[in-house]
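Coordinate inspection notes
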Amino acid sequence: MKFTFSIVFVFICSLPAFSQGVIRGKIFNPVNNEAVPFANVLLMETELGAISDENGFYEITNIPPGLYNVRASFVGYKTKTAYEIQVTISKAVQLDFELLEDAAELNEVVVNSEFSRSEETPLSVRKLNSNEIERYPGGNRDISRVIQSLPGVASTASFRNDIIIRGGAPNENKFFVDEIEVPVINHFATQGSSGGPVGILNVNLIKNVDLIAGGFPSNRMDAMSSFFEFSLKEGRRDKMATQLTLGASELTLSNEGPIGEKTTYLVSARRSYLQGLFRLIGLPFLPTFNDFQVKTTTKLNDKTELTFIGVGAIDNFVLNQDVPEDETEDERADRLYLLDVLPVQNQWNYTTGLKLKRFRENGFWTFVMSRNMLNNESYKYAGNDESNEANLLFRYISQESENKFRAENSIFGKGYTIKYGVNYQYSRYFINNFDRATLASTGQVIDVESKSNFNQYGAFISGSKNFYQERLLISGGVRMDGADFASTATNPLNQISPRVSFSYQLKQNLYATANAGIYYQKPAYTVLGYQNNEGVLVNRENDVRFIRNSQVIGGIEFLVPEKNRRFTAEAFYKRYSNYPSSVRNGIALANLGADFGVIGNEPVVSNAEGKAYGIEFLAQQRLFNNFYGIAALTLVRSVFTNPNTEGFIPSSWDNKFIVSLTAGKRFGNNWEIGGRWRFLGGTPYTPYDVEESSLISNWDLRGQAVLDFNQINAVRLPAFHQLDLRIDKKYFFKNWNFNWYVDIQNAYNFKAQQPPLLVPVRDGNGDILVDPTDPSRYQLRFLENTAGTLLPTVGIIVEF
């Protein structure tokens with residue numbers, strides 16, 4: 001059981017017991033699921049180890065508590081190393097190894113599991129393990145924040161988890177949990193994008209995560225910037241274990257264990273109490289979030305494995321109209337502005353899926369069936385007065401549901417691999433939308449309720465082959481996708497997606513890599529299902545297209561396996577076409593998505609183009625001599641065309657440069673200190689149109705300022721930087737463990753400039769003042785807008 005208290009620091013003084021820990025698990029071949037008997041398992045930098053039995057099981061005992069790198073090897077198989085395995089006294093570590101046969105010759109080939117490159121994706125893959133995720137300074141146990149340490153990943157100065165990869169928009173990423181797609185991984189998600197303020201996935205359940213930023217495998221579809229592959233832990237096979245986490249903003253309960261001899265389970269539930277905390281400190285908004293996760297793994301027999309997962313969230317967002325004491329004039333203006341702008345919101349989502357894996361001697365079939373649904377509701381009344389329906393400014397109710405099936409066959413031969421498969425998806429989109437804000441721009445109020453259904457289908461084939469004693473690897477594939485949301489998209493031949501990758505070993509541990517490919521992604525359902533008041537699917541009539549992205553990547557990689565060290569450099573070029581742009585505002589939708597609300601619920605035309613290009617540098621040190629670190633530098637440009645502008649202009653994600661430095665050091669007696677420093681170039685933004693915003697007719701319809709879309713991204717913010725620090729101290733006892741930590745976000749309290757707010761001038765009663773020189777306008781003023789504050793957290797973890 002595990003208790004985390006992140007509000008107060010408690011001092012505990014005890015004498016640790018002199019008991020020892022245990023690591024046990026199974027070693028098997030992932031191609032045919034057969035055990036690897038008599039394999040060697042070694043705790044590196046120690047003399048401790050074991051040999052697997054005839055069923056592949058092993059056990060290492062008498063291990064002093066701490067972090068270890070564990071290596072498994074056997075003649076004729078590629079050696080594999082698992083990094084930073086935490087050994088405690090209270091329970092044994094369950095650690096399984098997948099050893100692949102070496103096709104070249106009968107000897108041991110050392111492959112660090114954290115640095116290994118997939119044959120299908122030999123470049124642009126980054127991996128994080130569970131220990132890195134949990135201890136990450138400033139990450140707050142949120143995977144969306146943790147990946148910001150990797151090259152090519154930009155973050156925002158706000159508190160949101162927008163994932164911006166290599167200059168692409170946040171909606172260009174896809175997320176898979178144990179090979180099952182999970183479209184929403186953040187609470188209060190922006191519909192039509194991927195961001196939100198808090199992650200849904202419980203890091204206690206995550207084994208590792210792979211970020212694929214380019215050279216995408218052919219069995220993945222519908223993304224242009226990245227794929228995230230989350231691998232969940234398998235439930236304990238020996239006994240039940242429970243974790244209870246009490247943090248500053250949430251309560252989490254996790255449980256795992258066996259169900260009979262063939263099935264294990266993981267389950268987690270979390271509820272926040274931010275609403276009470278925010279009310280206590282006088283914030284004008286009160287969010288509450290809840291989430292759950294479940295996973296079961298059933299070994300039907302030696303050759304058949306069935307996995308079930310479920311992920312879901314329930315989010316509520318209400319307004320707090322209480323007036324704080326001792327409020328300054330600017331604080332009052334900011335609070336009233338937020339109350340005027342923010343809607344009341346209710347959102348829930350879930351994903352459930354089944355994966356069946358059927359093994360044979362030279363490979364396996366994978367069958368995946370899943371269903372996911374997003375329900376998004378929000379509304380806003382003028383003056384937040386809900387007593388009169390005439391005050392309704394907008395009401396938005398939307399549902400997206402998908403039913404998916406995928407079948408893949410993987411064949412492994414001597415020095416080659418072949419995969420092929422098909423996929424089908426049936427989707428339903430429902431919307432009930434009332435919006436007065438469109439009256440100013442279109443002359444009519446939106447009032448529509450509609451339901452749309454879509455079919456999507458695809459197929460792929462891919463293969464890889466080693467040459468010259470495995471020095472040269474060539475992999476390639478092609479996939480086709482079609483959907484019935486518009487006429488051009490219906491024909492899969494219009495969306496043929498080839499790709500090819502090369503990896504060549506220049507010398508020992510030095511590799512040159514390259515990739516070229518074309519990738520497609522369908523627009524958001526908010527675009528596909530948009531209807532006018534006459535019930536016409538406007539964007540189907542506009543023949544909206546799959547968005548097209550052509551990529552070229554080249555790089556070099558140098559490994560120092562004996563010191564767990566890696567250096568990479570990669571250059572990339574991405575060319576976009578068929579990107580939807582707003583008919584109303586003349587802006588490419590690629591520039592939207594870093595705010596709350598809905599993206600794409602309007603008429604669009606697939607006429608915008610874009611480019612993103614740059615170079616990434618990475619130096620990574622896995623745990624070695626009690627030190628670990630990541631240094632990443634990215635130089636990137638991201639530009640798009642817009643109907644309202646001439647030529648290419650900077651996109652909203654054009655940081656120009658991104659620096660991330662993360663390092664940690666373990667000291668004696670289980671002390672550990674870590675830090676992260678980020679430095680990002682400022683992003684462009686579109687300024688307000690003061691003349692249009694000040695019109696009483698406009699402000700009363702919108703309750704907020706109007707952007708000047710004739711100056712799209714014409715102003716750039718200054719650079720943003722932040723330092724996060726963390727100190728950990730662990731104690732190990734016979735039946736329980738104790739860990740206290742101090743985490744300091746934004747240690748030197750940097751205030752990042754954000755686009756200024758254009759707010760109305762009010763009198764003492766809170767009423768907006770009319771411009772005395774023009775009675776058709778309100779008086780408006782700019783309010784400085786900054787993000788970032790010093791945020792120290794003291795936490796305690798008790799585990800038993």
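Scroll up a little and you will see the structure.
Keep in mind the model is a prediction, meaning the values are calculated, not measured. (Residues numbered from 1 in each chain as written. Predicted model: local features only at pLDDT ≥ 70, side-chain atom pairs only at ≥ 80, totals over all residues. Heavy atoms only, no water.)

The number of helices and strands found in the protein is ten helices and 48 strands. A compact globule built from 800 residues should have a C-alpha radius of gyration of about 28 Å, and the protein, at 27 Å, falls within 12% of that. For the protein, the C-alpha atoms occupy an extent of roughly 90 × 65 × 45 Å along the three principal directions. Considering the protein as a whole, with its 800 residues, one finds that 57% of them fall into the buried category. A fraction of 67% describes how many contacts in the protein between residues 6 or more apart in sequence connect residues 24 or more apart. As displayed, the protein offers around 32200 Å² of accessible surface, 57% of which is attributable to carbon and sulfur atoms. In the protein, the 78 positive side-chain charges and the 86 negative ones have mean positions that sit 6 Å from each other. (Helix = DSSP H or I, 4+ residues; strand = E, 2+ residues; numbered from the N terminus. Rg over C-alpha atoms; globule rule 2.2 N^0.38 Å. Buried < 20%, exposed > 50% of the residue type's maximum accessible area, 1.4 Å probe, protein only. Contact = heavy atoms within 4.5 Å. Areas by Shrake-Rupley, 256 points an atom, 1.4 Å probe, with all protein chains shown as cover. Lys, Arg positive; Asp, Glu negative; His and termini not counted. Charge placed at Lys NZ, Arg CZ, Asp CG, Glu CD.)

The next point concerns the environment of Gly 282. Within the secondary structure, Gly 282 is located in the loop between helix H3 (274-280) and strand S23 (285-301). Using a relative accessible area of 18% as the deciding quantity, one classes Gly 282 as buried. The spacing of Gly 282 and Thr 366 is 84 residues in sequence and 52 Å in space, taken between C-alpha atoms. Each residue touching Gly 282, except ones within four places of it in the same chain, is listed here: Asn 320 and Pro 324.

Glancing now at the packing of aromatic side chains. Under the defined criterion, the tally for this structure stands at 27 aromatic pairs. Between Phe 285 and Phe 317, the ring centres sit 5.8 Å apart and the planes meet at 10 degrees, which makes this aromatic pair stacked. A residue pair is termed long-range when its members are at least 10 positions apart, and Phe 285 in strand S23 and Phe 317 in strand S24 (residues 304-319) qualify at 32 residues. Take Phe 285: its relative accessible area is 17%, and that puts it in the buried class. Relative to Phe 640, the ring of Tyr 579 has its centre 5.3 Å away and its plane inclined at 90 degrees; by these criteria the two rings are edge-to-face. Within this pair, whereas Tyr 579 is found in strand S34 (residues 565-582), its partner Phe 640 is found in strand S36 (residues 627-640), the two being separated by 61 residues in sequence. A relative accessible area of 1% means that Tyr 579 is categorised as buried. (Phe/Tyr/Trp six-rings, centres within 6.5 Å; stacked < 30°, edge-to-face > 60°.)

With that settled, consider the nonpolar core. In this structure, Ile 133, Ile 147, Phe 228 and Phe 230 are the most contacted members of the largest nonpolar core, which totals 36 residues. The set of elements that each furnish at least two residues to this core consists of helix H2 (143-146), strand S14 (173-177), strand S18 (206-212), strand S19 (226-232), S24 and S36. Excluding anything up to four places from it in sequence, Ile 133 contacts Leu 128, Arg 141, Ile 143, Val 146, Val 203, Ile 206 and Val 209. Residues Leu 123, Tyr 579, Ala 590 and Trp 653 belong to the second largest nonpolar core, which totals 22 residues. (Core = buried A, V, L, I, M, F, W, Y, C linked by side-chain atoms within 4.5 Å.)

Below, the discussion takes up the pairing of S34. Sheet analysis places strand S33 (residues 547-560) next to S34, joined by 13 bridges and oriented antiparallel. The residue of S34 that forms the bridge with Gly 554 is Ala 571. Taken together, S33 and the strand that follows it, S34, pair antiparallel across an intervening segment of four residues, in which Asn 564 is found at a positive phi of about 55 degrees. Pairing analysis gives 16 bridges linking S34 to strand S35 (residues 604-624), with the strands arranged antiparallel. If you follow Thr 568 over to S35, its bridge partner there is Leu 618. (Pairing = 2+ DSSP bridges.)

Before going further, it helps to examine the pattern of salt bridges. All told, the structure shown has 40 salt bridges when counted by the stated rule. A single network of salt bridges, built from pairs that share partners, joins Asp 96, Glu 234, Arg 237, Lys 299 and Glu 305. (Salt bridge = Lys/Arg side-chain N within 4 Å of Asp/Glu carboxyl O.)

Apart from glycine, the bulk of residues carry a negative phi angle, and the bulk of peptide bonds sit in the trans form. At Phe 38, a residue that is not glycine, the phi angle is positive and equals roughly 60 degrees. With respect to the helices and strands, Phe 38 occurs in the loop between strand S2 (21-28) and strand S3 (40-43).

Let's shift gears to the pairing of strand S38 (residues 656-667). Pairing between S36 and S38: ten bridges, direction antiparallel. Residue pairing for S38: Leu 633 is matched across the bridge by Val 659. Bridging between S38 and strand S39 (residues 671-680) involves ten bridges; their strand directions are antiparallel. The partner of Phe 667 across the bridge, within S39, is Trp 671.

Next up on the list: the side chain of Ser 652. Its place among the elements puts Ser 652 in the loop between strand S37 (649-650) and S38. Ignoring anything within four residues of it in the chain, the contact list for Ser 652 reads Asn 591, Thr 683, Pro 684 and Asn 713.

Our focus in this paragraph is the sheet that holds S18. Here five strands make up an open sheet; going across it, the order is S11-S18-S19-S14-S15 and the pairing mixed. Looking at strand neighbours, the two that pair on one side only are strand S11 (125-129) and strand S15 (180-181), the edges of this open sheet. Across six bridges, S18 lies against S19 in antiparallel orientation. When the bridges of S19 are listed, Leu 211 appears paired with Phe 228.

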